[in-house]
Amino acid sequence: MIDLDKIEPSNFIEEEILEDLKNGRSKEVITRCPPEPSGYWHIGHCKAWIIDFETAIKFGGYTYLRMDDTNPSREQGEFADSYMADLAWLGYTPKKMIFASEAYFDKIYEIAEEMIKNGYAYVDELSQEDQLKMKGTLTSPGVNSPYRDRPWKESLDLFRRMKNGEFPDGSLTLRAKIDMAHPNILMRDPIMYKISRQHHYKTGDKWCIYPIYDFAHPMEDALEGVTYSLCDITFRVHRELYEWFIEKGWNKPFAPKQREFSTLNLENVLLGKRYLKQLVESKKVMGWDDPRFLTIVGMRRRGYTAQGVKDFIKSVGVVPSESTIPFSALEFHIRNDLNKIATRAMVVLDPLKVVITNYEGENEEISIDNNPNIENGGAHKASFGKTIYIEKEDFSDNPPPKYNRLTLNGIVRLKGAYIIRCNKAIYKENGEIDHLECEYIKESKSGNDTSGLKPKGTIHFVCEGDCFNITIRNFKNLTKAEYLWPSKALADGVSIDELLEPNSMQESTAIAENFLREAKTEDKFQFMRKGYYTLDKDTTENNYIFNFTIGLKDSFKVKG
RNA sequence: UGGGGUGUCGCCAAGCGGUAAGGCACGAGACUUUGACUCUCGCAUGCGUAGGUUCGAAUCCUGCCACCCCAGCCA
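Residues numbered from 1 in each chain as written. Chains lettered and ligands numbered in written order. Predicted model: local features only at pLDDT ≥ 70, side-chain atom pairs only at ≥ 80, totals over all residues. Heavy atoms only, no water.

Draft legend 1. Spotlight on the domain arrangement of chain A. Parsing chain A into structural domains produces domain 1 (1–103 + 212–261), domain 2 (105–211), domain 3 (266–343 + 470–551) and domain 4 (353–370 + 380–452). On a C-alpha basis, the centroid separation for the pair domain 3 and domain 4 is 33 Å. The interface of domain 3 with domain 4 comprises 8 residues on the first partner and 10 residues on the second. Both faces considered, domain 3 and domain 4 share a buried interface measuring about 700 Å² in area, 55% of it formed by carbon and sulfur atoms. (Domains from an automatic or database assignment. Contact = heavy atoms within 4.5 Å. Buried area = accessible area lost by both parts, 1.4 Å probe.)

Quick look at the structure:
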C-alpha cells in the first residue's frame, strides 16, 4: 500500500489526485493510454504516455493501453504491435492491451439505448448540412431539430433499425439531448452515433453504426474502471460534455475524471503525420524510422535513449499553459544520459597519417577505459605502434591562440598511450600536408609517466594494424533552422523542398579501433572528443554503419 | 461580439498572503590523459497591465490588455 503522506505531488494533477485519495473520492489511480491506431508515435505522444504511466506508478496504480478505434475509416490494425514495442522501449508495461471496438461496442450500445429510454438522446433525421445550419454560431444560439421531442419509443425503434442496417450511411444520427442554446457549442446536442458501413479492421462488418469520440471515450473510461483520464489541453472544452455523459449515461457512484495538460511544442521539429508520410512515400527519407524523424522508432535508430527522452519530458513539466521548447533542451538530456552509459572508443573521422620515427617493432597494447564516469566500468584493448592516424584538425602548422593540440615542434598526449613530439610535416605538391613525422617519449606511457612533461592537450588516434574502416552517417536537422515551426510553414504554403535542409544526411568513412567490431545494433558509443554514435541496423559484416546521434559540447573557440 | 484556457528571466518552471526555487541557454573561472564530464561564480528591486484590500500581494478583489482553443456524422 502506498503511504499517501510520503507522496510529494509534482504537478497540479497529482495534487488533485492526492487530495481525492486522502478524502476518499478515489480509491486507486488507474489511467489509460488511448492511441487511435492510425500512425506512428512521435515525441509529442511520448509526453502524454509518460504522464499516463508515471502518474499511475506514482500512486501505486496502473495503466491500460487502449486502442481508441471507434472510427473505422481511420484505423489500421498494423499499428497495435508497434505501440507495444514503443512502450516497452520507454520502459512501460501496460496492465493490458484493449481494443475499444472489441471490448466496449456492445456495452456502449446498451448505454445508448438506456439514454434514449431516459429521454437523454434522440434519433435525428436532419442531414449533416441542416444540422450544421441549425447549430448556431459562436455568438448566436442554435435551433432545436424538429425530431428532438419525438417519443422515446420512436427513437429507440429507429436506433435499433439503424443498428440493423435499415438506413443508408449518414441519413440518421443519434444525438444527445442537451441544449441547443448552450454557450459551449459542443453541448448543442452532439452526435453520439453515426451510420457508416466501413469495414472495421477489428469488428469487421458487425457494426454499421459507430459511436463518436465524445460519447465513446467517457463510456470506455467508465467501463474500464479508469479513474483519471488524462489528455491534452485541446480537450479542455470537451470536459463539460464528458461529465454530462458520465452523469447521464453512466450514473454510478464511481466516476472517472478528465484532466488536461498542454501539448509538447518543440522548435525546429517536423511532426505532422501527413508531412512525415509524404517524406516517407517520396523516399526523401529512409522510412518512418529515419534518424532525422522524432518518431519513437526514428529517435531509437538515431541513438537517443528512452531515459533521455523521459528526463526531457519530465523537465518540461505538467502544466495547462502552452509552451515552446527549444531543441537544445532535448539535446541536453540526451547527451546527459549518453554520457553516463555510452562506451568510449577512438575513431578518426578525418585522418592524418603520423609516422613515429623512433618506434621499432610490433604494435604494443594499450588500455582504454570503457567509461571513466562509471566506477569499475572496465576497459578495452587498443594498440600503439609505428604508424598511427590522428584527426587532421588536431595538427596545425599555424596554430591559433590557445590551441592545445599538436604543432610543429610541439608535444601532445595520445590518449591512453604516449606523449609525442612533432618534428616534421611532409607536404604534397599542392601544399597540403601528407603526413607527420613524430617521435614518442618512451618514459611517458599512460599510467606510467616519468617524463615530467606536461602537454596541454590530449588527442585521440587509431593505430595501423588494429583498426578498420567504418561508415558514418552524419545528420543535420531535417528542416532549415529559419523555420522554427516546420508544420506551420508547410501549412502556410512553403514548399517541402524549400523547407528541407539540403544534404541533412551525408555518409563518410572513418577509421575505428578494432574494438568496435563487437558492436551490436543500437549499441551506443562516444567517439572520444567527437560525439555519440550508435550502430545502425543496416550494418553488414563488411560495412559497419554508425549513426551520428549528437555531438559533444565544445567550448574551444578559435578567435578570428 | 459567445464559451473555455493561459500570462513569473531569452526558453521551460517553482511559488498557494511573509518579502522571486531550480533547469536549459548564455557569460566568466577552476579541474581535466576526452577543450567532454564535474565544480565555482554571474544572470528578474521584478511576476501582462491599472487600481484596490492588507503591517505586508506574484499570491486576495476589480477593471483592462495580449495570446491560444472550440461551430467533424475526427480523435
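Now that the structure has been shown, the text picks up again.
Draft legend 2. Just the nonpolar core, in detail. In terms of nonpolar packing, the biggest core is built from 51 residues, with Trp-41, Ile-43, Leu-266, Leu-294, Met-299, Phe-312 and Leu-330 touching the most fellow members. Looking at this core, the elements with two or more residues in it are helix 1 (12–23), helix 2 (43–58), strand 2 (62–67), helix 3 (79–90), strand 8 (228–232), helix 10 (296–302), helix 11 (306–316) and helix 12 (327–341). When residues are assigned to domains, this core turns out to be shared by domain 1 (1–103 + 212–261) and domain 3 (266–343 + 470–551), each giving three or more. Excluding residues that lie within four positions of it along the chain, Leu-294 makes contacts with His-42, Ile-43, Leu-266, Val-269, Leu-271, Met-299, Phe-327 and Leu-330. Counting 42 residues, the second-largest nonpolar core is a separate cluster that includes Phe-105, Ala-121, Met-162 and Met-187. (Core = buried A, V, L, I, M, F, W, Y, C linked by side-chain atoms within 4.5 Å. Buried < 20%, exposed > 50% of the residue type's maximum accessible area, 1.4 Å probe, protein only. Helix = DSSP H or I, 4+ residues; strand = E, 2+ residues; numbered from the N terminus.)

Draft legend 3. Just the sheet that holds strand 24 (residues 505–513), in detail. Spatial ordering of the open sheet is given by 10-25-26-27-23-24-11, a layout of 7 strands whose pairing is mixed. At either end of the open sheet lies a strand with only one pairing partner, and these are strand 10 (343–345) and strand 11 (347–348). Inspection of the sheet shows strand 23 (residues 467–475) paired to strand 27 (residues 545–551) by 3 bridges, in the parallel sense. Directly across from Arg-473, in strand 27, lies its bridge partner Asn-547. Sheet contacts for helix 12: strand 10, strand 25 (524–527), strand 26 (531–535) and strand 27; angle to strand 27, the most-contacted strand, approximately 120°. (Pairing = 2+ DSSP bridges. Axes fitted to C-alpha atoms, helices over the stretch in contact; angles between N-to-C directions.)

Draft legend 4. The arrangement of the protein's contact with RNA strand B in detail. Residues in close proximity to RNA strand B total 61 residues, the closest being Lys-194, Val-319, Arg-344, Ser-446 and Gln-526. Counting only atoms of RNA strand B within 4 Å of the protein, the fraction found in sugar and phosphate groups is 60%. In the environment of RNA strand B, a phosphate oxygen lies 2.3 Å from a nitrogen or oxygen atom belonging to the side chain of Lys-194. Elements with a minimum of two residues in the surface near RNA strand B: helix 5 (128–133), strand 6 (191–195) and helix 12. Of all the elements, helix 12 adds the most residues to the surface near RNA strand B, at 4 residues. Residues that form the surface near RNA strand B fall into these classes: 22 nonpolar, 23 polar and 16 charged. (Near = heavy atom within 4 Å. Polar contact = N/O pair within 3.5 Å; in protein donor to acceptor, adjacent residues only side chain to side chain. Nonpolar A, V, L, I, M, F, W, Y, C, P; charged D, E, K, R; others polar.)

Draft legend 5. Inspection of the sheet that holds strand 5 (residues 173–176) at higher detail. On the basis of which strands lie adjacent, the open sheet formed by 4 strands has the order 4-5-6-7 and antiparallel pairing. The open sheet is flanked by strand 4 (121–124) and strand 7 (209–211), the only strands paired with a single partner. Strand after strand, the sheet turns through a mean of 20° between neighbouring axes, direction not considered. For strand 4 and strand 5, the ladder comprises 4 bridges, and the chain directions are antiparallel. Among the inter-strand pairings, Asp-124 is bridged to a residue of strand 5, identified as Thr-173. Of the strands in this sheet, strand 4, strand 5, strand 6 and strand 7 are in contact with helix 4 (residues 100–117), which crosses strand 6 at around 115°.

Draft legend 6. Structural detail: the packing of helix 2 against helix 11. Here helix 2 crosses helix 11 at 80°, and the two axes come no closer than 10 Å. By the criterion of interaxial angle, the relationship of helix 2 to helix 11 is roughly perpendicular. Residues Ile-43, Cys-46, Lys-47, Ile-50 and Glu-54 of helix 2 touch helix 11, and the partners they reach there are Val-309, Lys-310, Phe-312, Ile-313, Lys-314 and Val-316. Per-class residue counts for the contact of helix 2 with helix 11 are 7 nonpolar, no polar and 4 charged. (Parallel < 35°, antiparallel > 145°, perpendicular 65-115°, else oblique.)

Draft legend 7. Layout of the environment of Glu-102. Residue placement: Glu-102 occurs in helix 4. Remark: the alpha-carbon pair of Glu-102 and Asp-69, spanning 33 residues in sequence, is separated by 9.2 Å. Apart from residues lying up to four places away in sequence, Glu-102 is in contact with Lys-202 and Thr-203.

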